[in-house]
Amino acid sequence: MSTAYKAAGVDVEAGYEAVKLMKEHVNKTFTPGVLSGLGGFGGLFELGKGYQNPVLVSGTDGVGTKLRLAFLMDKHDTIGQDCVAMCANDIACSGAKPLFFLDYLAVGKNVPTRIAEIVKGVADGCLQAGAALIGGETAEMPGFYDVDEYDLAGFCVGVVDKDKIVDGSKTKEGDALIGIASSGVHSNGYSLVRRIFNLDAPNAKERLAEVPQGLGCSLGEALLTPTKIYVKSLLSVIENIGIHAVSHITGGGFYENIPRMLPEGLCAKVEKGSFETPAIFKLMEERAGLSERDLFNTFNMGIGLVLAVDKQKADQVVNHLATLGEKAWVIGEVQKGEAGVTLL
């Protein structure tokens, strides 16, 4: 063991211990395509048969400032699911099945039990997405991050047959817009969330422990609820019914994300009262006095995924999602017009 390196703030032995503790979580995610175990220089994955013209789809993302809440609450076992969700949901919007995931974790101090908790969350997310966690990197960076802080990012690769790619090209006027319920704020808008609830103040921990009327849990529990992973439900709808386009409602809310799935010459009309808005969003609106535009341009407002489907199949899609445990509503329609979203 390098005593000089440890004196500089990097504990190699703690790194070894962290790998030991995370292995049980990582191994649970292994699928038949995995050809390598944890600890190699590269993660090996066999694509396998069953694809006529396979196209690889990739995505990368981080968790953002939601991590601050994990630090304040000293709760680290769900934040990894957020990381997986942000990547896996994105690539599933193309109709791709996630194959494998890699994470990057940079810490101020290597605390093996905490790292194992973080990776458990990543592994839980991978299991929900059907992806194998085949590798990653944990970097100890003393002096760059505080000892109780870290950053987390990930990278996901999936596959879809070329003729089954969902790219929005089939979307047409009159298509129904189906909204699938979110689990809460998900992983976007937390810089604004922190400002709304004054979570950078010295008493932030006490604020997070409060139980506001109508919320049903503490503020911290509501805000730290992990991002819902839609992969399996979405792929089931694609396979069994068919869709024209998908939008993952992340940063930029409705106004930025829904137009991304619409071809030129089409726009979206959304009925605000057609779906349930979770209490956390109503609380933010009350506390901050935000305009409707600000709310729908920053947060998902209760809708984590929007599908464009043939109008005749709308009820079938909603009912199918219900059998998969998803709340979904017809929230609007596609119309002719300049690209954008109109809230009615």
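Here the structure is a predicted model, which means the values were calculated and not measured.

Q: Mind laying out the overall build of the protein, listing which residues take part and the relevant values?
A: A tally of regular secondary structure across the protein gives 13 helices and 10 strands. On C-alpha atoms alone, the protein measures out to a radius of gyration of 21 Å, which is about the 20 Å that the 2.2 N^0.38 rule sets for 344 residues. Its C-alpha atoms give the protein principal-axis dimensions of roughly 70 × 55 × 35 Å. For the protein, with 344 residues in total, the buried portion stands at 52%. Only carbon and sulfur atoms are counted for the fraction: they give 49% of the accessible area of the protein, which is about 15700 Å². Positive and negative side-chain charges in the protein, numbering 32 and 42 respectively, have mean positions lying 2 Å apart.

Q: Summarise the packing of helix α4 (residues 79-92) against helix α5 (residues 112-129); cite the residues concerned and give the values.
A: Two packed helices can be described by the angle between their axes and the distance between those axes. The geometry of α4 relative to α5 is characterised by a closest axis approach of 6 Å and an angle of 40 degrees between their N-to-C directions. Between α4 and α5, the angle falls in the class oblique. The way α4 lies across α5 gives a crossing that is right-handed. Here Ile79, Gly80, Gln81, Val84 and Ala88 of α4 lie close against α5, whose contacting residues are Ile118, Gly121, Val122, Gly125, Cys126, Gln128 and Ala129.

Q: Run through α5, naming residues and quoting values.
A: Taking 1.5 Å per residue as the helical rise, α5 with its 18 residues ought to reach 26 Å, and the 25 Å between its terminal C-alpha atoms agrees with that figure. Listed as buried for α5 are Pro112, Arg114, Ile115, Ala116, Ile118, Val119, Gly121, Val122, Ala123, Gly125, Cys126 and Ala129. Looking at the residues trailing α5, positive phi occurs at Gly130, about 75 degrees.

Q: Any details on the packing of aromatic side chains? Residues and values, ideally.
A: Taken as a whole and judged by the stated rule, the model has 6 aromatic pairs. For the ring pair Phe71 and Tyr150, a centre distance of 4.9 Å and an interplane angle of 75 degrees mean the geometry is edge-to-face. Placement of Phe71 in helix α3 (residues 67-73) and of Tyr150 in strand β4 (residues 150-161) is noted, with a sequence separation of 79 residues between them. The pair Phe71 / Tyr150 is uniform in exposure class, with both members buried. An angle of 90 degrees between the planes, with centres 5.0 Å apart, marks the rings of Phe254 and Phe296 as edge-to-face. Here the residue Phe254 occupies a position in helix α10 (residues 253-257), and Phe296 occupies one in helix α12 (residues 292-296), the gap between them amounting to 42 residues. The buried category is assigned to Phe296, whose relative accessible area is 6%. Each member of the aromatic cluster is reached from another via a ring pair, and the members are Phe254, Phe275 and Phe296.

Q: I'd like to hear about the sheet that holds strand β6 (residues 245-248), residue by residue, with values.
A: Spatial strand order, β6-β8-β5-β9-β7-β10: 6 strands in an open sheet with mixed pairing. Of all strands in the sheet, those bounded by a partner on one side alone are β6 and β10 (341-343). Going across the sheet, the axis of each strand differs from the next one's by a mean of 25 degrees, ignoring polarity. Two elements, strand β7 (residues 266-270) and β10, share 3 bridges in a ladder whose sense is parallel. Counted as the bridge partner of Lys269 is Thr342 from β10.

Q: Break down the environment of Gly189 for me, citing the residues and quoting the values.
A: Within the secondary structure layout, Gly189 lies in the loop between β5 (176-181) and α6 (190-196). Residue Gly189 is classed as partly exposed on the basis of its relative accessible area of 23%. It is 25 Å that separates the C-alpha atoms of Gly189 and Ala308, two residues lying 119 residues apart in sequence. Not counting chain neighbours up to four residues away, the residues in contact with Gly189 comprise Thr298 and Phe299.

Q: Describe the side chain of Glu326, and please don't skip the residues or the numbers.
A: With respect to the helices, strands and loops of the structure, Glu326 is situated in the loop between α13 (314-323) and β9 (328-336). The class of Glu326 is buried, set by a relative accessible area of 8%. In this structure the side chain of Glu326 is engaged in a polar contact, spanning 2.9 Å, whose partner is the side chain of Ser233. Beyond its immediate sequence surroundings of up to four residues, Glu326 is in contact with Ile180, Lys228, Tyr230, Ser233 and Leu321.

Q: Pulling in residues and values, what's your account of the sheet that holds β4?
A: Sheet strands pair via backbone hydrogen bonds, and the direction of the pair is either parallel or antiparallel. Across the sheet, which stays open at both edges, the 4 strands sit in the order β1-β4-β2-β3 with mixed pairing between neighbours. The open sheet terminates on both sides in strands that have one partner only, identified here as β1 (54-62) and β3 (132-140). Recorded for the sheet is a direction-independent mean angle of 15 degrees between the axes of neighbouring strands. Bridging between β1 and β4 involves 9 bridges; their strand directions are antiparallel. What sits directly across from Val57, in β4, is Gly158.

Q: Explain the environment of His76 to me, and be specific about the residues and the numbers.
A: With respect to the helices and strands, the residue His76 is situated in the loop between α3 and α4. Considering only alpha carbons, one finds His76 and Lys120, 44 residues apart in sequence, at a separation of 8.9 Å. Non-local contacts of His76, meaning those with residues more than four positions away in its chain, are made with Ala70, Phe71, Arg114, Glu117, Ile118 and Tyr150. At 2.8 Å, the side chain of His76 and the side chain of Asp74 are in polar contact. Among the polar contacts listed, one links the side chain of His76 to the side chain of Tyr150, at a separation of 2.9 Å.

Reading the values: rules and limits
Residues numbered from 1 in each chain as written. Predicted model: local features only at pLDDT ≥ 70, side-chain atom pairs only at ≥ 80, totals over all residues. Heavy atoms only, no water. Helix = DSSP H or I, 4+ residues; strand = E, 2+ residues; numbered from the N terminus. Rg over C-alpha atoms; globule rule 2.2 N^0.38 Å. Buried < 20%, exposed > 50% of the residue type's maximum accessible area, 1.4 Å probe, protein only. Areas by Shrake-Rupley, 256 points an atom, 1.4 Å probe, with all protein chains shown as cover. Lys, Arg positive; Asp, Glu negative; His and termini not counted. Charge placed at Lys NZ, Arg CZ, Asp CG, Glu CD. Axes fitted to C-alpha atoms, helices over the stretch in contact; angles between N-to-C directions. Parallel < 35°, antiparallel > 145°, perpendicular 65-115°, else oblique. Left-handed = near helix turned anticlockwise from the far one by under 90°. Contact = heavy atoms within 4.5 Å. Expected span 1.5 Å × (residues − 1). Phe/Tyr/Trp six-rings, centres within 6.5 Å; stacked < 30°, edge-to-face > 60°. Pairing = 2+ DSSP bridges. Polar contact = N/O pair within 3.5 Å; in protein donor to acceptor, adjacent residues only side chain to side chain.

Without other data, these values stay purely geometric and don't point to any function.
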